[in-house]
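Observations on chain architecture
Each chain, letter by letter, is given below.
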Amino acid sequence: MTLFGLCIGLLSYAQTPKKISSSLLQRIQQAERSDQPVPVLISGNLESIAGAVGALGGHYKYGAGKVAAVSIPLDQIHALAGYPGIRYINDAKSKMTLLNDQMLHNNNVIPLHQGLPPLQQAYKGDGVLIGIIDTGIETDHPDFRKSDGTTRIKFIWDQTDTGTPPAGYTYGREWTESNINSGQSTHDDQPFGGGHGSNVAGIAGGDGSAVNNYGGIAPNADFLIVSLGFGDMFLTHFVDAVAYIFDKADQLGKPCVINASVGSFYGSWDGRDDVTQIIDSMIAAK
């Protein structure tokens, strides 16, 4: 190769990183497997992109406008950037970050936990039950365990499971504190919810054991969990869940609060429907 040809070649390779996002370059450097396929977005001429990706052993999924979505081995990224018609290669990496890390501060909860004046004592939910009506809960999560490793969950009614239902009901399956501590419970957060119930329970009463002391509002409270049966019978199941939690709180002789980060668009919206009235009456009775 002539010196001129070598210089042109070096110049071409030096320019290819400018066509590759910094996060993708970092991924290439840190990858344990250089032939690992990765999904990327490529801007440029779609026809040229399709041809280049195919030639390098990648998979062209689809394109729209001037951007194509493809999958290609990591060790072919630099070669891909050298093809004509390729403008930029991006792995569209997003930076994951905590969103609830300032929750206690923003809601003035820290002074309650510390018992600052004019409070006469600290408040962390001791002796109180938190009822959660949601998708369920991750029973093994450290935030829902006591310091001795036992659970803070008194009862779980999984309305979506089959087995022995709670007394007075004909559907679902109930798990007790004893079931959980002995490892007999098979309950988990409903998969479609993406951990929604566990997240809500963590905000309400997680004790911060899992991640850098990011605890919840009432870290010393115990839980009553209802994994809600969604679908056509949603409202009936919801009313049953409220009654169940209040009954269990009475059984345990403790005050409770219910969080239900679920809802429906059905009903009159004026507070006069039967569902609202029966729940209001249950609350008024307490």
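Residues numbered from 1 in each chain as written. Predicted model: local features only at pLDDT ≥ 70, side-chain atom pairs only at ≥ 80, totals over all residues. Heavy atoms only, no water.

Okay, the sheet that holds strand 8 (residues 222–227) next. Taken in spatial order, the five strands line up as 7-6-8-5-9 in an open sheet, and their pairing is mixed. Strands with a single pairing partner mark the edges of an open sheet, and in this sheet they are strand 7 (173–176) and strand 9 (256–259). Pairs of neighbouring strands in the sheet enclose a mean axial angle of 15°, with direction left out of account. Pairing of strand 5 (residues 129–134) with strand 9, which is carried by four bridges, proceeds in the parallel orientation. Pairing of I132 across the sheet is with N259, part of strand 9. Its contacts with the sheet place helix 9 (residues 234–252) against strand 5, strand 6 (153–158), strand 7, strand 8 and strand 9, and it is angled at close to 155° to strand 6. (Pairing = 2+ DSSP bridges. Helix = DSSP H or I, 4+ residues; strand = E, 2+ residues; numbered from the N terminus. Axes fitted to C-alpha atoms, helices over the stretch in contact; angles between N-to-C directions. Contact = heavy atoms within 4.5 Å.)

Approximately 530 Å³ is the volume found for the largest pocket. L98, N100, D143, N199 and Y214 are, among the 21 residues lining the largest pocket, the residues nearest its centre. Mapped onto the lining of the largest pocket, the elements with two or more residues apiece are helix 5 (103–106) and helix 8 (196–205). Sorting elements by how many residues they give to the lining of the largest pocket places helix 8 first, with four residues. (1 Å grid on protein atoms, 1.4 Å probe; cavity = no way out; pocket = protein on both sides within 12 Å on 5 of 7 lines; lining within 4 Å. Points joined across faces, edges and corners; volume = space filled by probe spheres on them.)

All right, on to the sheet that holds strand 2 (residues 59–64) then. Think of a sheet as strands paired side by side through backbone hydrogen bonds, with each pair either parallel or antiparallel. Spatial strand order, 2-3-1-4: four strands in an open sheet with antiparallel pairing. Unpaired on one side and paired on the other, strand 2 and strand 4 (86–90) mark the two borders of the sheet. Neighbour to neighbour, the strand axes of the sheet diverge by 30° on average, direction disregarded. Relative to strand 3 (residues 67–73), strand 1 (residues 37–44) runs antiparallel, the two being bridged by seven bridges.

Another point: the pairing of strand 1. Both faces of the sheet carry side chains from a regular strand, because those side chains alternate between them. Pairing analysis gives four bridges linking strand 1 to strand 4, with the strands arranged antiparallel. Looking across to strand 4, one finds that G44 is bridged to I86.

Now for helix 9. An ideal rise of 1.5 Å per residue puts 27 Å on 19 residues; helix 9 measures up with 27 Å between its terminal C-alpha atoms. Where helix 9 terminates, the next one or two residues include G253, which has phi positive at roughly 70°. (Expected span 1.5 Å × (residues − 1).)

Here helix 3 (residues 46–55) has its buried residues at I49, A52 and V53. One side of helix 3 holds all its buried residues, which, seen down the axis, span an arc of 100°. Across helix 3 from its buried face, at more than 90 degrees, point the exposed residues E47 and A55. Near the N-terminus of helix 3, the side chain that reaches the backbone nitrogen of E47, with its oxygen 3.1 Å away, is that of N45. (Buried < 20%, exposed > 50% of the residue type's maximum accessible area, 1.4 Å probe, protein only. Arc of directions from axis to C-beta. Polar contact = N/O pair within 3.5 Å; in protein donor to acceptor, adjacent residues only side chain to side chain.)

This part takes up the packing of helix 9 against helix 10 (residues 274–285). With their axes 10 Å apart at the nearest point, helix 9 and helix 10 run at an angle of 5° to one another. Taken together, the axes of helix 9 and helix 10 are roughly parallel relative to one another. Mapping the contact onto sequence places L235, F238, V239, V242, A243 and F246 in helix 9 and V275, I278, I279, M282 and I283 in helix 10. For the contact of helix 9 with helix 10, the residue count by class is eleven nonpolar, no polar and no charged. (Parallel < 35°, antiparallel > 145°, perpendicular 65-115°, else oblique. Nonpolar A, V, L, I, M, F, W, Y, C, P; charged D, E, K, R; others polar.)

A full pass over the atoms with the stated rule returns nine aromatic pairs. For the pair F192 and F230, a centre-to-centre distance of 5.5 Å together with 85° between the ring planes defines the contact as edge-to-face. Separated by 38 residues along the polypeptide, F192 in the loop between helix 7 (177–181) and helix 8 and F230 in the loop between strand 8 and helix 9 bring together distant segments of the chain. According to the relative accessible area criterion, F192 is exposed, its value standing at 58%. With a centroid separation of 6.3 Å and 15° between ring planes, the pair formed by F265 and W269 is classed as stacked. By the burial criterion, F265 is exposed, and W269 matches it. Just above the ring of F155 sits the side chain of K248; from NZ or CZ to the centre is 4.0 Å. (Phe/Tyr/Trp six-rings, centres within 6.5 Å; stacked < 30°, edge-to-face > 60°. Lys NZ or Arg CZ within 6 Å of the ring centre and 35° of its normal.)

Moving on, we get to the pattern of salt bridges. Following the criterion strictly, the structure yields seven salt bridges and no others. Among the ionic pairs, K154 bridges to E177, the shortest N-O distance being 3.3 Å. Of this pair, K154 sits in strand 6 while E177 is found in helix 7, placing the two residues 23 residues apart along the sequence. K154 gets classed as buried once you look at its relative accessible area, which sits at 14%. With relative accessibility at 22%, the residue E177 sits in the partly exposed group. Close ionic contact of D222 with K154 constitutes a salt bridge, the shortest N to O distance being 4.0 Å. With D222 in strand 8 and K154 in strand 6, this residue pair connects regions lying 68 residues apart in the sequence. Neither D222 nor K154 differs from the other in exposure class; each is buried. Shared partners join several salt bridges into a network, and the residues in it are K154, E177, D222 and K254. (Salt bridge = Lys/Arg side-chain N within 4 Å of Asp/Glu carboxyl O.)

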